[in-house]
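Architecture at a glance
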Amino acid sequence: MSRKIIRFVKQETVLCAALALAVLSMFFVRPDREYISYIDFRTLAILFCLMGVMSGLQKTGVFQWVAQALLGKVKTARQLAWILVLLCFFSSMAVTNDVALITFVPFTFIVLDLIGVEARKQLLVPVVTLQTIAANLGSMLTPIGNPQNLYLYGKAGLSLGSFVSLMLPYTLVSFLLVMLWSAVQTRKYDAPIAVSFSENVRLADKKIQLAVYLLLFAADLLTVARVIPYGLALLITVVGILLADRSIFARLDYSLLLTFIGFFVFIGNMGRLPVFHDFLQRIVSGSELLAGAAASQVISNVPAALLLSGFTDNLAPLIIGVNIGGLGTLIASMASLISYKLVVREEGAVKGAYFRCFTWTNLAFLAVLLLFAFVLR
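Residues numbered from 1 in each chain as written. Predicted model: local features only at pLDDT ≥ 70, side-chain atom pairs only at ≥ 80, totals over all residues. Heavy atoms only, no water.

1. Some words on the overall build of the chain
Cut-off, in case you're wondering: Every helix listed is a DSSP run of H or I at least four residues long, and every strand listed is a run of E at least two residues long, numbered separately from the N terminus. Note that the radius of gyration is over C-alpha atoms, with the globule rule given as 2.2 Å times the number of residues to the power 0.38. For each residue, the accessible area found with a 1.4 Å probe, counting protein chains only, is set against the maximum for its type, and the residue is called buried under 20%, exposed over 50%, and partly exposed in between. Residue contacts are defined here by distance: any two heavy atoms, one from each residue, within 4.5 Å place the two residues in contact.
Each helix and strand counted, the chain has 19 helices and 0 strands in total. Relative to the compact-globule value of 21 Å for 377 residues, the chain shows a C-alpha radius of gyration of 21 Å, a close match. Each of the three principal axes of the chain carries a C-alpha extent, and together these read 65 × 50 × 50 Å. Burial analysis of the chain (377 residues in total) assigns 53% to the buried set. In the chain, the share of contacts with a sequence separation of at least 24, taken over all contacts with a separation of at least 6, comes to 81%.

Listed below in structure tokens is the structure:
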């Protein structure tokens, strides 16, 4: 039993921390009717809907189908790296950063196997590192790109256009950085290559499911844009998934939803303690961007966004800070851990090389984007 508990804590460290903080805060503010007001049900409902739809789309194989279509035209290693990295960059804007990595990092291993041992050895670490960075940076453009954006977008009351306008300059600079660094990383191995798949993904057998998930995704986007009430979107999504493939419900990341609830309770209780509230507000106020980026390095950007948003009304720089703050340490974005675990499972011998490459590349990108942020502001 103790081993199972230890394993669970290791696997769900952030969830355990959130629940522990929530329980601890209850000793200072006893449970009462105000607790229900802490919970942002709109964010939780939309997040649940998006997780379900993305899981369904992933299961249809549509993402792999798109990737195979693009890779059929590849002629050099540089083109290969650009496509693999940009698939993560652009797809994360719509399907979230973690789904992009879960989908395309394993696909990358398959592709690199097809072009030879030497190419795989040269490209695996830098390409997966850049895919991870690209997913974290591409996802910052839209409210649905990652969980902290979805929450802060709702809390700030921004329009969809205002949010995209806020993050667009950083996304454009990120795109240029990713393209440039991909070219640099592949300069040592840019021999002609050809990628062909022995078995192509076919969507013919899943047209109905694909159509259902695309319609549900459209409904979720309208909910994010505040056109459809979140309660109606939740009902439509649940019914749609039940009709299309009820096994999707077993694939969802319920720990993320519980993590949000834990932090909602902790932040709500701490906000009712004048000493703690005033102390954290003094630290955050006027330094939201830096506070968001710095806190993300230690507790990751989703908890940082949830925690700091309770102590400032100036959410625009906080949105920028926690998005840029997804770069840096391995835990700055929980999505980064997905790539790390996939690399370790696939090629354990490069674990150290991947960690070193990931860390210094992330820190370099973080430094450039922070400098750009302060110049722009």
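Now that the structure has been shown, we can carry on.
2. Observations concerning the packing of aromatic side chains
Definition in use: Here the aromatic set is Phe, Tyr and Trp, taking the six-membered ring for Trp, and pairing holds for ring centres within 6.5 Å; pairs whose planes are under 30 degrees apart are stacked, those over 60 apart are edge-to-face, and all others are tilted. In this scheme, the term charge over a ring applies when either NZ of a lysine or CZ of an arginine sits within 6 Å of the ring centre and within 35 degrees of the ring normal.
The final tally for this structure, using the stated rule, is 16 aromatic pairs. Arranged with centres 5.1 Å apart and planes meeting at 85 degrees, the rings of F89 and F90 form a pair that is edge-to-face. By relative accessible area, which is 1% here, F89 ends up buried. The interplanar angle of 80 degrees and the centroid separation of 5.5 Å between the aromatic rings of Y170 and F372 together place this pair among those described as edge-to-face. Pair noted here: Y170 is in helix 10 (residues 160-185) and F372 is in helix 19 (residues 351-376), with a separation of 202 residues, a long-range link. The side chain of R226 reaches across the aromatic face of Y153, ending 4.7 Å from its centre.

3. A look at the packing of helix 1 (residues 2-11) against helix 2 (residues 13-26)
Formally: Every angle, taken between N-to-C directions, lies between 0 and 180 degrees, and every axis is a line fitted to C-alpha atoms, over only the stretch in contact when it is a helix. In these notes the angle categories are as follows: under 35 degrees is roughly parallel, over 145 is roughly antiparallel, 65 to 115 is roughly perpendicular, and the rest is oblique. Only Asp, Glu, Lys and Arg are considered charged, only Ala, Val, Leu, Ile, Met, Phe, Trp, Tyr, Cys and Pro nonpolar, and every remaining residue, Gly among them, polar.
Where helix 1 contacts helix 2, the axes come no closer than 5 Å and their chain directions differ by 95 degrees. Between helix 1 and helix 2, the angle is such that the two are roughly perpendicular. Taken together, the residues of helix 2 that come into contact with helix 1 (itself represented by F8, V9, K10 and Q11) are T13, L15 and C16. Each residue belonging to the contact of helix 1 with helix 2 can be placed in one class, and the counts come to 4 nonpolar, 2 polar and 1 charged.

4. A closer look at unusual backbone geometry
Residue T96 is not a glycine yet carries a positive backbone phi of 75 degrees. Locating T96 in the fold gives a position in the loop between helix 6 (77-95) and helix 7 (97-114). Given the relative accessible area of 13%, T96 is considered buried. Although it is not a glycine, S300 adopts a positive phi angle of roughly 80 degrees. Counting through the fold element by element, S300 comes out in the loop between helix 15 (288-299) and helix 16 (301-308).

5. Here we look at the pattern of salt bridges
Counted only if it meets this: One speaks of a salt bridge when a side-chain nitrogen belonging to Lys or Arg is within 4 Å of a carboxyl oxygen belonging to Asp or Glu.
Considering all chains together, one arrives at 3 salt bridges under this definition. Among the salt bridges present, the one from E34 reaches R272, with a minimum N-O distance of 3.9 Å. Linking E34 in the loop between helix 2 and helix 3 (35-38) with R272 in the loop between helix 13 (254-271) and helix 14 (274-284), this pair joins segments that are 238 residues apart in sequence. With relative accessibility at 43%, the residue E34 sits in the partly exposed group. A relative accessible area of 30% means that R272 is categorised as partly exposed. With a shortest N-O distance of 2.8 Å, D245 and K59 are connected by a salt bridge. Of this pair, D245 sits in helix 12 (residues 230-245) while K59 sits in helix 4 (residues 41-60), and the two are 186 residues apart along the sequence. A relative accessible area of 16% places D245 in the buried class. Exposure remark for K59: the relative accessible area of 34% places this residue in the partly exposed category. Salt bridges here are not isolated pairs; linked through shared partners, they connect D32, E34 and R272.

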